[in-house]
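Residue-level listing of the chains:
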Number of protein chains: 2
Amino acid sequence: MSKYWNDKVRELEPYVPGEQPKDKKYIKLNTNENPYPPSKKVIEAMKNAVNDDLKLYPDPTCSDFIDELASYYNLDKDQIFIGNGSDEVLAFSFMAFFSKDRKILFPDISYSFYIVYAQLLNLDYKMIKLDENFDVPLEEFKRPNGGVIIPNPNAPTGKYIYIEELKKLVEANKDSVVIIDEAYVDFGGESMIKFIKDYDNLLVIQTLSKSRSLAGLRVGFALGNKDLIEGLNRIKNSINSYTIDRLALIGSVEAIRDEEHFQETTKKIISTRKKTIKDLEGLGFTVLESKSNFVFASHKEISGKILYEKLKDNGVLVRHFNKERINNFLRITIGTDEEMAVLIKKLKLILR
Amino acid sequence: MSKYWNDKVRELEPYVPGEQPKDKKYIKLNTNENPYPPSKKVIEAMKNAVNDDLKLYPDPTCSDFIDELASYYNLDKDQIFIGNGSDEVLAFSFMAFFSKDRKILFPDISYSFYIVYAQLLNLDYKMIKLDENFDVPLEEFKRPNGGVIIPNPNAPTGKYIYIEELKKLVEANKDSVVIIDEAYVDFGGESMIKFIKDYDNLLVIQTLSKSRSLAGLRVGFALGNKDLIEGLNRIKNSINSYTIDRLALIGSVEAIRDEEHFQETTKKIISTRKKTIKDLEGLGFTVLESKSNFVFASHKEISGKILYEKLKDNGVLVRHFNKERINNFLRITIGTDEEMAVLIKKLKLILR
């Protein structure tokens, strides 16, 4: 605490990211990274871009990447905003569309950064309680509000909402912006992007960190009607005009272009997820249905905290949240088949 | 304008960065980029780092780069904060240390992002008028305030304040944070970093974009007492935990290590600046004394706006600010000797 901090900084409870051990000795199933490398085309293009041009500022409008996304998703260029990871895009969205006098709504068990943004910006919010199956009770989001954020699939549960249901939610909230956080949608879910042309109040946020294997690059994006995108650009250009570096811009274009690599790696993860769920259930775990690159599982006999610690002792990092209702669960990222075989082997040892 | 924008977004007047033409046909003297390439060691290390590890998140604590800076500047690790360019570091500083109820002070002719941050955060501010020689009247900053920002050298004037004078300013403002924005200090100025251990309220902000030839990488940093740094980390971790990508972190370390390249390129720029000032004066320009990698010049006969346009027609981009008191000036980045020779040749043609 310092006398130079303002009141806001004193009261903040910042987000705590998952452990990022530097020594690599762990099987890392704790931060939902993709176990497969990025496309070879990304690597090649970026290697070529490491050159003397780094002395020059990047394109602040990110136009090459926007052109690529516009073509890929069949959107207009002014319907696309690029940010430094989906976290920055989310933060800017909170800054642009939510107001102190109107309560925003998001699920109580969800991405824990939402509450941090709300606190940073002095926003009033209501967390809607997930039902007994850990499903998002969408009817509860149809009350008067100043904005809605739904992650689909949800994190850390992995549970998915069918887009026809979300469409009704967007329709029921014409006076506020509905943000669908699709960080994990590419692992078996369906995106809301197809409805962007129909709804002025829908903002879809995605990232290259998960399904494109580029967590190390820091690129996320928002898709929505042009007025929403202009609002995001106004915030960005009031904080930092150049948030994406030259190399990230070049790699991002290639990541979207290599559809084959994308399809292949996401399919592998979906297939490994299926096998992992079966194996975990065989060990006495309850595993929530997942459409993401992680599963959320609890064991009937051993607590989540102890399992987390014992797995760490055994060289496997998973994520445990010390939070009511979910403190008995582990969030386990889907790695390669080999990594998941080690996880299961270690769990068998621990449970023996 | 959209009904979904909040009041803040409606009233914002975002920063407008200098033109970044994509076709490269211009001699680009408009955004204070370094004309020399980054260190070969930076390029080599980054090329090697373009690999499959991009699937993993970067180190959110930026510890390798912090270690390097701590050793270079003889500071403790907890006295260093890393951000996505010095713009982001400045924005986070405004968010952490300034309050609505206490007026912040900065020069009226200065980096135009300061006023944008103040507006974004609803901060009350007073712009202190530069004197008739475009010097910062430091005595005016010794009144009660909620924070002070002084760029040294100033932009867009290039004028420098001796650090003994700034030291008195820091001493006179023990109740508020004094930010010295040293984006351009390496081109002949002296840094305030040596005083960090003496003053709890001093925050020095620097960047790799100018003197380290890495504008394309987006890395800036703040140096100050550990409580100030913790305040910045609290803001960062309430917005985006991973603002610096894996490659930028690796390149930054090498940029600080290659002292020889740094000394060589900054010396060349200082030498070219001296020659450019003489040449411009020979053409009838008034040029302010500069300790930065740009000069600020006005001509007695032709307006700044017309000179800017004619230079652009002739393939040379410089920066013109349509603002009272300085609208007759051009801000001209110091390029290579060859680029400046072209500038002078084109100016001779235009002035003929």
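Chain A is annotated in an unreviewed UniProt entry as Histidinol-phosphate aminotransferase of Clostridium puniceum. Word for word, the UniProt comment on chain A under Pathway (unreviewed entry) is "Amino-acid biosynthesis; L-histidine biosynthesis; L-histidine from 5-phospho-alpha-D-ribose 1-diphosphate: step 7/9."

Caption draft 1: View of the packing of aromatic side chains. The full count for this structure, using the stated rule, is 36 aromatic pairs over all chains. Between Tyr15 of chain B and Phe113 of chain B, the aromatic rings sit 4.4 Å apart at their centres with planes inclined by 15°, giving stacked as the arrangement. Of this pair, Tyr15 of chain B sits in the loop between α1 (7-11) and β1 (27-28) while Phe113 of chain B sits in helix α5 (residues 113-120); the two residues are 98 residues apart in sequence, bridging distant segments of the chain. Both rings, one in Tyr57 of chain B and one in Tyr242 of chain B, keep their centres 4.5 Å apart while their planes meet at 25°; by these two values the pair is stacked. Taken together, the positions of Tyr57 of chain B in the loop between α2 (40-49) and α3 (63-73) and Tyr242 of chain B in the loop between α7 (226-236) and α8 (246-257) put the pair 185 residues apart, joining distant regions of the chain. Taken as a pair, Tyr57 of chain B and Tyr242 of chain B share a single burial class, namely buried. The rings of Tyr15, Phe94, Phe98, Phe106, Tyr111, Phe113, Tyr114, Tyr117 and Tyr125 of chain A are connected pair by pair, giving a single aromatic cluster.

Caption draft 2: Structural detail: the pattern of salt bridges. Overall, the coordinates contain 29 salt bridges over all chains when judged by the stated rule. With a shortest N-O distance of 3.3 Å, Lys168 of chain A and Glu165 of chain A are connected by a salt bridge. Taken together, the residues Lys168 of chain A and Glu165 of chain A, both in helix α6 (residues 163-172) and 3 residues apart, mark about one turn of the helix. The partly exposed category is assigned to Lys168 of chain A, whose relative accessible area is 42%. We note a salt bridge from Glu190 of chain B to Lys194 of chain B, for which the minimum N-O separation is 2.5 Å.

Caption draft 3: Layout of the side chain of Asp108 of chain B. All names here are of chain B. Relative to the helices and strands, Asp108 resides in the loop between β3 (104-107) and α5. According to the relative accessible area criterion, Asp108 is buried, its value standing at 18%. Within the local environment of Asp108, its side chain forms a polar contact with the backbone nitrogen of Leu130, the two atoms lying 3.0 Å apart. Setting aside anything within four residues of it in sequence, one finds Asp108 in contact with Met127, Ile128, Lys129, Leu130, Lys323 and Arg325.

Caption draft 4: Molecular detail of helix α4 (residues 85-97) of chain A. For α4 of chain A, spanning 13 residues, the distance from its first C-alpha to its last is 19 Å, which sits close to the expected 18 Å at 1.5 Å a residue. Along α4 of chain A, 13 of the 13 residues are buried, which leaves the element largely enclosed by surrounding structure.

Caption draft 5: The arrangement of the nonpolar core in detail. By size, the foremost hydrophobic cluster in this structure holds 116 residues, and its most contacted members are Phe65, Ile82 and Ile150 of chain A together with Phe65, Ile82 and Ile150 of chain B. Core analysis: the second largest hydrophobic core is formed by 71 residues, Tyr15 and Phe81 of chain A together with Tyr15 and Tyr117 of chain B among them.

Caption draft 6: Looking closely at the sheet that holds strand β9 (residues 285-287) of chain A. Residues and elements named next belong to chain A. Here 3 strands make up an open sheet; going across it, the order is β9-β10-β12 and the pairing antiparallel. Edge strands, defined here as strands with exactly one partner in the open sheet, are β9 and β12 (329-333). Averaged over all neighbouring strand pairs, the angle between strand axes comes to 35°, with direction disregarded. Looking at chain direction, strand β10 (residues 294-299) and β12 are connected through 5 bridges and run antiparallel.

Caption draft 7: Region of interest: the layout of surface pockets. Size it by volume and the largest pocket reaches roughly 940 Å³. Lining the largest pocket are 38 residues; nearest its centre among them are Lys100 and Asn122 of chain A together with Lys100, Leu121 and Asn122 of chain B. Those elements giving two or more residues to the lining of the largest pocket turn out to be α1 (7-11) and α4 of chain A together with α1 and α4 (85-97) of chain B. Of the residues in the lining of the largest pocket, the class split is 16 nonpolar, 8 polar and 14 charged.

Calculation notes
- Residues numbered from 1 in each chain as written.
- Chains lettered and ligands numbered in written order.
- Predicted model: local features only at pLDDT ≥ 70, side-chain atom pairs only at ≥ 80, totals over all residues.
- Heavy atoms only, no water.
- UniProt positions renumbered as here; feature names shortened; annotations may be inferred.
- Phe/Tyr/Trp six-rings, centres within 6.5 Å; stacked < 30°, edge-to-face > 60°.
- Helix = DSSP H or I, 4+ residues; strand = E, 2+ residues; numbered from the N terminus.
- Buried < 20%, exposed > 50% of the residue type's maximum accessible area, 1.4 Å probe, protein only.
- Salt bridge = Lys/Arg side-chain N within 4 Å of Asp/Glu carboxyl O.
- Polar contact = N/O pair within 3.5 Å; in protein donor to acceptor, adjacent residues only side chain to side chain.
- Contact = heavy atoms within 4.5 Å.
- Expected span 1.5 Å × (residues − 1).
- Core = buried A, V, L, I, M, F, W, Y, C linked by side-chain atoms within 4.5 Å.
- Pairing = 2+ DSSP bridges.
- Axes fitted to C-alpha atoms, helices over the stretch in contact; angles between N-to-C directions.
- 1 Å grid on protein atoms, 1.4 Å probe; cavity = no way out; pocket = protein on both sides within 12 Å on 5 of 7 lines; lining within 4 Å.
- Points joined across faces, edges and corners; volume = space filled by probe spheres on them.
- Nonpolar A, V, L, I, M, F, W, Y, C, P; charged D, E, K, R; others polar.

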